[in-house]
Amino acid sequence: QVQLVESGGGLVQPGGSLRLSCAVSRSFFSRSVMGWYRRAPGKQRELVASITPSGSTDYTDSVKGRCTISRDNTKNTVYLQMSSLRPEDTAVYYCNSRLPWAADGFWGQGTQVTVSS
């Protein structure tokens, strides 16, 4: 079975930084596309960032220049480093793991990020 556990969320001031982590209990982690999604209050879930097995990354326009997604294949962990956080970044952040040829993937339970002064 595949299990994903997110951590690193919390309350930060505007302009602050956080690093989210997602640990995956999967032996083929290095072959999976990893993604960070978020759902803000009153809004639909959106993709924040993704990273392929080869290390190619993609970001939604609203976080470009402020977020960096990375992966450590020796630890089966994907990270989302966020800086210059804004109140509109407040959301529950979810980790997703998907094989490149699959349409769907596995989800974690989410970690809350709150940006407020």
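Structure shown above.
Note that the structure is a prediction, hence the values are computed from the model and not measured.

(A) Main features of the state of the cysteines. Going through the model one piece at a time under the given rule, you end up with one disulfide. Across the disulfide from cysteine 22 sits cysteine 95; the S-S distance is 2.2 Å. Note on the cysteine 22 and cysteine 95 pair: the S-S dihedral is about -90°, so by sign convention the disulfide is left-handed. With cysteine 22 in strand β3 (residues 18–24) and cysteine 95 in strand β9 (residues 91–98), this residue pair connects regions lying 73 residues apart in the sequence. A relative accessible area of 0% places cysteine 22 in the buried class. Judged by its relative accessible area of 0%, cysteine 95 is buried.

(B) Inspection of the pairing of β3 at higher detail. For β3, a buried count of five out of seven residues is recorded, marking the element as mostly surrounded by other parts of the structure. Looking at chain direction, β3 and strand β8 (residues 77–82) are connected through six bridges and run antiparallel. The residue bridging leucine 18 from the neighbouring strand is methionine 82, located in β8.

(C) Quick peek at the packing of aromatic side chains. With the rule as written, the count across this model stands at one aromatic pair. Seen in terms of ring centroids, tyrosine 37 and tryptophan 107 are 4.8 Å apart; in terms of plane orientation they differ by 65°. Their pairing is edge-to-face. Separated by 70 residues along the polypeptide, tyrosine 37 in strand β4 (residues 33–39) and tryptophan 107 in strand β10 (residues 106–107) bring together distant segments of the chain. Taking the relative accessible area as the measure of exposure, tyrosine 37 reaches 21% and is therefore partly exposed. Its relative accessible area of 32% is what places tryptophan 107 among the partly exposed residues. Directly above the aromatic system of tyrosine 37 lies the positively charged group of arginine 45, at a separation of 5.6 Å from the ring centroid.

Criteria and cut-off values
Here the residue index of a chain counts from 1 through its sequence in written order. This being a predicted model, a pLDDT of at least 70 is required before a residue's local features are given, and a value of 80 or more before pairs of side-chain atoms are given or counted; all residues contribute to the totals for chains, interfaces and linings. Derived side-chain values reflect all non-hydrogen atoms in the structure, with water molecules and hydrogen atoms excluded from consideration. Note on terminology: pairs of cysteine sulfur atoms within 2.5 Å are recorded as disulfides. Secondary structure is summarised from DSSP: a helix means a run of H or I of at least four residues, a strand means a run of E of at least two, and numbering begins at the N terminus for each. Relative accessibility under 20% of the residue-type maximum defines a buried residue, over 50% an exposed one, and the middle range a partly exposed one, all with a 1.4 Å probe and only protein chains included. The rule for pairing is simple: two strands pair if DSSP sees at least two bridges between them. Stacked, edge-to-face and tilted labels apply to pairs of Phe, Tyr and Trp rings (six-membered ring for Trp) whose centres lie within 6.5 Å, assigned for plane angles under 30 degrees, over 60, and everything in between, in that order. The criterion for a charge sitting over a ring is simple: Lys NZ or Arg CZ within 6 Å of the ring centre, and within 35 degrees of the ring normal.

From the geometry alone we can't say anything about function, so treat these as descriptive.
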